[in-house]
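# Structural features, examined
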Amino acid sequence: MRIDVVTLFPEWVGQLEQFGVVGRGLRESRLELACWNPRDDADNASRRIDDRPYGGGPGMVMQGPPLAATLERIQAARANRVPVIMPSPQGQAFDQDEAQRLAEGEGFVLVCGRYEGIDQRFVDAYVDKELSVGDVVLSGGELPAMMIVDAVARLLSGVLGDSRSASEDSFVNGLLDHPHYTRPPRFADRDVPSVLLSGDHARIERWRAQQALGATWRRRPDLLARRELDATQKALLEAYIAEQKGESGDPDGAGE
Ligand code: 9WO
């Protein structure tokens, strides 16, 4: 898997190479990450890649030609053409399914906008997909790009130390995560759920599955609505809800 990132701040994105799952993926050659600065493709001595917006208005707009030249260098450096993705608030929601789709491919190019945005003609002519990491406007596309790289890197086989981690991640199975506990045994006047100390792995696995179902029911019912639960999951969730109703005395079990 090779990911190319077009950014005015290559040193930023390059930090990904130092840490975490991306660093491990790079060190183990499961992932290649290359950063490209469009200023290197500017056609002027001052390496300018932005200009004033046609039609007036505040700020500056990133010009198309330097970005197009950078893309041409990238595609020339790659064996095959890969999708060009632009992180953008206007984009399709980036979710675990999209991360999985990207992880199954040969790679992709991420083009990070700055200033007020990128000349629309570049977007129309060269960008295959815009991806949004949330309904928020940031200073640039770099942080969303780093999120996309990290989410995809986690899914590459062998990048995670324990391959189960990726498959058990939140959202991978369409549910939120179960809670996690570690030493000390007592903290903030709270104990560890006794089931986790029982050594009964089947019971622990059931409890974790129930907690993930319960958390999803309480916090993200929209995710639950998208899932077909099997009989075991339905029974675990029903028991969770019944317990919630019992504890909160909440007749309709509305949870929080
Ligand atoms: C800025 C903007 C402002 C209001 C409504 C929509 C908007 N889109 C953009 C935009 O695409 N800006 C460019 C990229 C240049 C400025 C920084 N950029 C950016 C990307 N800000 N926020 C994102 C982003 C990307 C992915 N998911 C969420 C936000």
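Rules behind the numbers
Residues numbered from 1 in each chain as written. Predicted model: local features only at pLDDT ≥ 70, side-chain atom pairs only at ≥ 80, totals over all residues. Heavy atoms only, no water. Helix = DSSP H or I, 4+ residues; strand = E, 2+ residues; numbered from the N terminus. Contact = heavy atoms within 4.5 Å. Salt bridge = Lys/Arg side-chain N within 4 Å of Asp/Glu carboxyl O. Buried < 20%, exposed > 50% of the residue type's maximum accessible area, 1.4 Å probe, protein only. Disulfide = S-S within 2.5 Å. Pairing = 2+ DSSP bridges. Axes fitted to C-alpha atoms, helices over the stretch in contact; angles between N-to-C directions. Phe/Tyr/Trp six-rings, centres within 6.5 Å; stacked < 30°, edge-to-face > 60°. Core = buried A, V, L, I, M, F, W, Y, C linked by side-chain atoms within 4.5 Å. Near = heavy atom within 4 Å. Polar contact = N/O pair within 3.5 Å; in protein donor to acceptor, adjacent residues only side chain to side chain. Areas by Shrake-Rupley, 256 points an atom, 1.4 Å probe, with all protein chains shown as cover. Nonpolar A, V, L, I, M, F, W, Y, C, P; charged D, E, K, R; others polar.

### A word on the side chain of R2
Within the secondary structure, R2 is located in strand β1 (residues 2-6). If sequence neighbours within four positions are ignored, R2 has contacts with E32, A34, W36, A77, R78, E106, G107 and F108.

### Considering the pattern of salt bridges
Under the definition given, this model contains 16 salt bridges. Between E28 and R30 there is a salt bridge, and its shortest N-O distance comes to 3.7 Å. By relative accessible area, which is 37% here, E28 ends up partly exposed. When salt bridges that share partners are traced, they join R2, D4 and R78 into one network.

### Examining the state of the cysteines
Tallying each qualifying case throughout the model produces 0 disulfides. The closest cysteine sulfur to the non-disulfide-bonded C35 is located on C112, 8.4 Å from its own sulfur. Of the residues examined, C35 reaches a relative accessible area of 27% and is grouped as partly exposed.

### Considering the sheet that holds β1
Taking strand neighbours across the sheet as the criterion, the 5 strands line up as β2-β1-β6-β5-β7 in an open arrangement whose pairing is parallel. Unpaired on one side and paired on the other, β2 (32-36) and β7 (129-132) mark the two borders of the sheet. The sheet shows a mean angle of 35° between the axes of neighbouring strands, direction not considered. Note: strand β5 (residues 84-93) against strand β6 (residues 107-111), 2 bridges, orientation parallel. Bridge pairing links I85 to L110 in β6. Its contacts with the sheet place helix α3 (residues 64-77) against β1, β2, β5 and β6, and it is angled at close to 165° to β1.

### Quick word on helix α2 (residues 20-27)
When α2 is considered as a whole, its buried residues turn out to be V21, V22, G23, G25 and L26. The inward-facing, buried residues of α2 contact β2 and α6 (142-155).

### As for the packing of aromatic side chains
All told, the structure shown has 3 aromatic pairs when counted by the stated rule. Where F9 meets W12, the ring centres are 6.2 Å apart and the plane angle is 40°; that geometry is what we call tilted. Residue W12 is classed as partly exposed on the basis of its relative accessible area, which comes to 36%. Geometrically, the ring pair formed by F122 and Y126 is stacked, given 5.1 Å between the ring centres and 20° between the ring planes. Pair noted here: F122 and Y126 are both in helix α5 (residues 120-126), with a separation of 4 residues, about one helical turn. What makes F122 buried here is its relative accessible area of 2%. For Y126, a relative accessible area of 31% puts it in the partly exposed group.

### With respect to the nonpolar core
Within the largest apolar cluster, 28 residues are counted, with the highest numbers of intra-cluster contacts made by I3, V22, L33, L102, F108, L110 and I148. Secondary structure elements with two or more residues in this core: β1, α2, α4 (96-103), β6 and α6. It is α6 that contributes the most residues to this core, 8 residues altogether. Contacts of F108, omitting those with residues within four sequence positions, involve M1, R2, I3, D4, R78, V82, P83, I85, L102, I148 and V152.

### Points about the site of the ligand
Neighbouring the ligand are 19 residues, the closest being Q90, Y115, V133, V136 and L138. Here a nitrogen atom of the ligand and a side-chain polar atom of Q90 are 2.6 Å apart. Interatomic distance of 2.9 Å between a backbone N/O atom of L138 and a nitrogen atom of the ligand. Here the ligand has 590 Å² of accessible area as a free molecule, and 78% of this is covered by the chains. Elements supplying a minimum of two residues to the shell around the ligand: β5 and β7. If you tally residues by element for the shell around the ligand, the top one is β5, at 4 residues. Residues of the shell around the ligand, tallied by class, amount to 9 nonpolar, 8 polar and 2 charged.

### A look at the environment of G105
Residue placement: G105 occurs in the loop between α4 and β6. Sequence separation between G105 and V82 is 23 residues, and the spatial gap between their C-alpha atoms is 8.6 Å.

That's the geometry; what it means functionally is another story.
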